[in-house]
Amino acid sequence: MPDRTPSPATATPLALVSALEERAFNAWPSHQTVFHQGWVFRLTGGYTKRANSVNALVPSAPFDGVREAAAALYARHGLPAVFRISPLAPAAADQALADAGYKHFDPSLVLHRPLASGLAAKIDGHTIVSTSPSPAWLDGFAAANGVAAHHRNLHRSILDAIAHPVGYALQRDAQGHAVGFGLAVLERGAVGLYDLAVAPGHRGAGRGRALVQALLHWAAEGGATSAYLQVRAQNVAALRLYESMGFTTAYGYHYRVPG
């Protein structure tokens, strides 16, 4: 598939990258954070790479000693030191990790789009958005997204720790079964979309589009003027959906994991 990462000539300004990164950290909070020389070490018991990774906080943060400090800290918690390399990280950091045997993993994209005030959207009558996760949302999302039983409490604890307004989209089929899930976090006029999932057997029928439309409508009603989300670069179907809904690539990132 084509490379959607912006070229250097059209790269997103680092100020916007920083703003989106800050919102993403707040939208998916970790249990513990350690700040170190312009980097943040995030730890949440190993559930999701986002909440258990090392991230640059400021453009071209120095990398001297960071890998060693991260390896020691994560080992203390029984976790591997996983690095998430965004445009805020210096190229030297990525190269140093590669030289140390860290493998390039899970390239992903951050997409964004503007939202018009009073966003008009056809809201599927089978999709509702509430401000707290119901048991049907929690159980259904865990099943649809393959959340292991021993991680379900960690997932709930992350949701409970989100400080900003959250909208939980729940979609039911004609028989009333919960089959579609998603959440949106609203902060400083921008809404981030997370945990979008449709149960196996119900995919490819427009349910993902309906979930996104419902969450964008909820966010616009709450004053959002822009939206963003993160998606794996290899997820061609999701990229086509989001691009058809007006999302464009802001920047890419990838992980470095110990070899």
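Reading the values: the criteria
Each chain has its residues counted from 1, running along the sequence as written. Local features in this predicted model are restricted to residues of pLDDT 70 or higher, and side-chain atom pairs are both shown and tallied only at a pLDDT of 80 or more, whereas totals for entire chains, interfaces and linings draw on every residue. For side-chain calculations, the full set of non-hydrogen atoms in the structure is used, while hydrogens and water are omitted. Only strands joined by at least two bridges in the DSSP assignment are considered to pair. For the purposes of this entry, the term helix denotes a DSSP run of H or I that reaches at least four residues, the term strand denotes a run of E that reaches at least two, and both are numbered from the N terminus. Axis geometry follows a simple rule: fit a line to the C-alpha atoms, using only the stretch in contact for helices, then measure angles between N-to-C directions, giving values from 0 to 180 degrees. Roughly parallel covers angles under 35 degrees, roughly antiparallel covers those over 145, roughly perpendicular covers 65 to 115, and oblique covers all other angles. The hand of a helix crossing depends on one turn: near helix anticlockwise from the far one by less than a right angle means left-handed, and clockwise means right-handed. What makes two residues a contact is simply this: any of their non-hydrogen atoms within 4.5 Å. When residues are sorted by character, Ala, Val, Leu, Ile, Met, Phe, Trp, Tyr, Cys and Pro go into the nonpolar class, Asp, Glu, Lys and Arg into the charged class, and all the rest, Gly among them, into the polar class. Each residue is assigned to one of three classes by its accessible area relative to the maximum for its type, calculated with a 1.4 Å probe on protein chains only: buried under 20%, partly exposed between the two thresholds, exposed over 50%.

**Student:** Before we go on, may I ask you to explain the sheet that holds strand β4 (residues 83–85) in this structure?
**Tutor:** Strand pairing in a sheet relies on backbone hydrogen bonds, with the paired strands running either antiparallel or parallel. Strand order in this open sheet of 11 strands is β1-β2-β3-β4-β11-β5-β10-β9-β8-β7-β6, and the pairing throughout is mixed. Lying at the two open borders of the sheet, with one neighbouring strand each, are β1 (32–36) and β6 (127–130). Across the sheet, the mean angle from the axis of one strand to that of its neighbour is 25 degrees, orientation sign disregarded. Summarising the sheet, β1 and strand β2 (residues 39–43) pair through five bridges and their orientation is antiparallel. Bridge pairing links Phe 35 to Val 40 in β2.

**Student:** Would you mind showing me how to read the packing of helix α4 (residues 135–144) against helix α5 (residues 152–161) here?
**Tutor:** The description of two helices packed together rests on the angle between their axes and the distance between the axes. Orientation of α4 relative to α5, taken along the N-to-C sense of each, is 125 degrees, at an axis distance of 11 Å. One element, α4, and the other, α5, form an angle in the oblique class. By crossing handedness, the relation of α4 to α5 is classed as right-handed. Contacts from Trp 137, Leu 138, Phe 141, Ala 142 and Ala 143 of α4 reach α5 at Arg 152, His 155, Arg 156 and Leu 159. When its residues are assigned to classes, the contact of α4 with α5 shows six nonpolar, one polar and two charged.

**Student:** Quick question: what am I supposed to make of the pairing of strand β8 (residues 178–187) here?
**Tutor:** Consecutive residues of a regular strand have side chains that alternate between opposite faces of the sheet. Extensive coverage of β8 is indicated by the burial of nine of its 10 residues. Across seven bridges, the pairing between strand β7 (residues 166–172) and β8 is antiparallel. Within β8, the position partnered with Arg 172 by the bridge is Ala 178. Hairpin connection from β7 to β8: five residues lie between these consecutive antiparallel strands, with Gly 176 at a positive phi of about 90 degrees. For β8 and strand β9 (residues 190–198), the ladder comprises seven bridges, and the chain directions are antiparallel. Across the sheet, the residue bridging to Leu 183 is Tyr 194, located in β9. Between β8 and β9, which pair antiparallel in sequence order, lie two residues; one of them, Arg 188, sits at a positive phi of approximately 50 degrees.

Such coordinate-based values are descriptive only and should not be taken to indicate function.
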